[in-house]
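Structural overview for review
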Number of protein chains: 2
Amino acid sequence: MKTLHIIKIGGNVIDNSENLHRFLQDFTALEGLKILVHGGGKVATQVSESMGVEAHMIDGRRITDIDTLRIVTMVYGGLINKNIVAQLQRYGTNALGVTGADGDLIRAKKRPVKTIDYGFAGDIFEDSVRSSNIAKLLDAGFIPVFCALTHNGEGQLLNTNADTIASALAVALCEFYETTLVYCFEKKGVLMDINDDDSLIRDIDPVRYEEFKKEQIIHSGMLPKMDNAFTAIACGVKAVIIGHSADLGKLKSDSSFGTRLSK
Amino acid sequence: MKTLHIIKIGGNVIDNSENLHRFLQDFTALEGLKILVHGGGKVATQVSESMGVEAHMIDGRRITDIDTLRIVTMVYGGLINKNIVAQLQRYGTNALGVTGADGDLIRAKKRPVKTIDYGFAGDIFEDSVRSSNIAKLLDAGFIPVFCALTHNGEGQLLNTNADTIASALAVALCEFYETTLVYCFEKKGVLMDINDDDSLIRDIDPVRYEEFKKEQIIHSGMLPKMDNAFTAIACGVKAVIIGHSADLGKLKSDSSFGTRLSK
C-alpha cells in the first residue's frame, strides 16, 4: 500500500506570509502522496468587515448565515485556496484546489436545528468522502488542496470544520492508502507543561493517553483534538502527528516531529 | 477520436438564476465529454462596490489592480465557480471547478506595460494549456468548470478573458479530441439584421464570412468573436457555434443551434 499524508493547516500559518511560504516549500519537499487541508484565517474576518457583514454568534459559536456562507465561499474557496494553489505550483507541487462539491469529493448534511440554528454548517457523515474520486486525482498526479467547504449533493454549499474534513479524509482513504494525519498548529505538539515548549511529549498510545487524562496532564483544550485523533487511529489511520507548522520539514519516512499518536 | 464540447457562458446567464438553472440542466443533458468556461457577472461589481473598491478604467478598459485581482479571485474562483459546481452536482454532472493555476492547467503571461498598465491581466501564449493534465481529468470522469483566472507559474494569479480561455482550450485539446467550441450569449446567433431575431444565419464558412464582411452584413461588434472563431477552426477546431444560452438543449450529435462556423 502506498503511503499518504493528509496535512491540515490553520489560520496561524495562513495569516503570516513568511510562515506560509516556508510551510508550502516544506510541503513540496515531503515525498509521496499528500493532501493539504486549510482552514480560514483573519482574512475572512477582514473581508466580512469590509463588506459590513457582522459575525453572528450564539452562545459563543459562529453561525453560518447566508451572508457568511457567501463570504466563506469567496474567501476559503477563492482567495485563500487559489493563492495557496498558485504558490504550490510555483514551488513545483501540482496542486489542485477543491471544495467538497468539486468532483463530489465530500458531502455533508446541514446541521439539524435543535436549540441553535447553525445555518449553513455541514456535518460529515459515514459515507461523506468519495474516496475513489480522490484516489483518481492522486493517481493522475494531482495534489488536492481542500478548503473548509462541502456540499449536500442538492446544490447547497456548506461550511465544515477543516479539522473534521482532514480526519474524515484520513479515515476514508485508509481503503486505498496507508494514511498519516498531520495537524499543524502554533505549538510544538502536546506539552506536559503548556508554558514549557521543551516539555514536548513525543509519542502517545491509547494506554498512555488514558493515564495522561487521569493525571490531568493534557491541557483541556487539546482533549477534543486528541479524542478525534484516537478515533481516527481506531478507524485505521496509521498515525496522527500534532506539531508546529514550522517543523513539517523534519517529517521524513524515517523521522517524525511534534507528538506522534499511534496504536 | 472522442468528441469534446467546450461551452462558454457569460454574465447574462450567470446573473439570472432561472436562466442559469435551465442552462446547467441542458449542459448536464449534453452527451459526451464537455468543459464549461464561465465569465463574471454583475456579482463581481456588487462585491467590489460593497467593499469600496472602485473599478479602475483607462481609455474605457478595465484595469486589474491588486484589489480588483483579490475580488475576481474571490468572486470568479470562489462564489460563482463553486456555486455552479454545486448546482451541476445536484443535476448529476460530476463537475470540478478550476482556475488555470489548479493542476497547472492554463498558464498566462502578465500583459507587458506599453502605453497602458493593465495590472494583473494575463495573456494566453502558444503553450499556455497543459492539455495532457486536462485529458487526465476528463479521462477520470470529471467535468472541468473553468473560471477566468490563470497563473504565471511563479505564484501569480492573473485575470484572463473567458472567451480567450475557451478558444485556447478548444485549440489545445484538438490534440486529444474532436473539439467543438460553443459560445452562449444573449442573441440567437449571428444575425443578418441585428434587430431581427428571425434573420439568423445558420452556417458560415470562411468564404461566406469574407463575403459578409465585404457587404458589411455582419455587425462590427461580432467581428472580433468571429475572427477568433475562424482562427480556432484554422487551428483544428471542428466547429464553433455561437447561439443563445437558452437553446443549448437543441445541441445533439445530429443537430445544432445558433450559427455554426466551420471549414
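Residues numbered from 1 in each chain as written. Chains lettered and ligands numbered in written order. Predicted model: local features only at pLDDT ≥ 70, side-chain atom pairs only at ≥ 80, totals over all residues. Heavy atoms only, no water.

Its rotation angle being 180°, the transformation that places chain A on chain B also includes 0.0 Å of axial translation and leaves an RMSD of 0.0 Å. Such a combination of rotation and displacement between the chain copies is what one expects of a two-fold axis. Comparing interface residues between copies, 100% of those in chain A also lie at the interface in chain B; the contact surface is shared. (Least-squares fit on C-alpha atoms with pLDDT ≥ 70 in both. Contact = heavy atoms within 4.5 Å.)

What follows covers the interface of chain A and chain B. In this assembly, 38 residues from chain A lie in contact with 38 residues from chain B. Buried surface at the junction of chain A and chain B, both sides included, amounts to about 3100 Å², of which 65% is carbon and sulfur. Where chain A touches chain B, the interface holds 2 salt bridges. Measuring nitrogen to oxygen at the nearest pair gives 3.0 Å for the salt bridge that ties D102(A) to K82(B). Counting every contact that joins chain A to chain B gives 12 residue pairs in polar contact (both at pLDDT 80 or more). Elements represented by at least two residues in the side of chain A that touches chain B include exactly α3 (42-50), α4 (66-91), β5 (95-98) and α5 (131-139) of chain A. Sorting elements by how many residues they give to the side of chain A that touches chain B places α4(A) first, with 14 residues. Here the side of chain A that touches chain B is composed, by residue class, of 16 nonpolar, 15 polar and 7 charged. (Buried area = accessible area lost by both parts, 1.4 Å probe. Salt bridge = Lys/Arg side-chain N within 4 Å of Asp/Glu carboxyl O. Polar contact = N/O pair within 3.5 Å; in protein donor to acceptor, adjacent residues only side chain to side chain. Helix = DSSP H or I, 4+ residues; strand = E, 2+ residues; numbered from the N terminus. Nonpolar A, V, L, I, M, F, W, Y, C, P; charged D, E, K, R; others polar.)

Residues and elements named next belong to chain A. Within this model, the largest pocket holds a volume of roughly 970 Å³. Taken together, 40 residues line the largest pocket, and the ones lying closest to its centre are R62, Y76, N159, N161 and A162. Looking at the lining of the largest pocket residue by residue, the classes come out as 14 nonpolar, 16 polar and 10 charged. Its volume calculated, the second largest pocket comes out at about 690 Å³. (1 Å grid on protein atoms, 1.4 Å probe; cavity = no way out; pocket = protein on both sides within 12 Å on 5 of 7 lines; lining within 4 Å. Points joined across faces, edges and corners; volume = space filled by probe spheres on them.)

All right, on to the sheet that holds β5(A) then. Residue and element names in this part refer to chain A. Spatially, the 8 strands line up as an open sheet ordered β5-β8-β2-β1-β11-β13-β14-β12, and their pairing is mixed. In the strand order of this sheet, the two ends are held by β5 and β12 (203-204), each with one partner. Note: β5 against strand β8 (residues 143-146), 4 bridges, orientation parallel. Following the sheet pairing, L96 is matched in β8 by P144. In the packing of helix α8 (residues 223-234) onto the sheet, contacts are made with β11 (178-185), β12, β13 (239-244) and β14 (259-262), and the angle to β14 comes to roughly 45°. (Pairing = 2+ DSSP bridges. Axes fitted to C-alpha atoms, helices over the stretch in contact; angles between N-to-C directions.)

Quick look at the UniProt feature "site: Transition state stabilizer" (unreviewed entry) in chain A now. Residue and element names in this part refer to chain A. Per the UniProt record, "site: Transition state stabilizer" (unreviewed entry) is annotated on K8 and K225. Spanning 218 residues, the named residues form one tight spatial group whose C-alpha atoms are at most 12.4 Å apart. Within this annotated set, the largest pocket is lined by K8 and K225. As for its position among the elements, K8 is in strand β1 (residues 3-9). Among the residues examined, K8 registers a relative accessible area of 11% and is labelled buried. Once you skip the residues sitting within four places of it in the chain, K8 turns out to touch V37, A162, D163, A166, V182, Y183 and C184. A polar contact is formed between the side chain of K8 and the side chain of D163, at a distance of 2.8 Å. The topology assignment puts K225 in helix α8. (UniProt positions renumbered as here; feature names shortened; annotations may be inferred. Buried < 20%, exposed > 50% of the residue type's maximum accessible area, 1.4 Å probe, protein only.)

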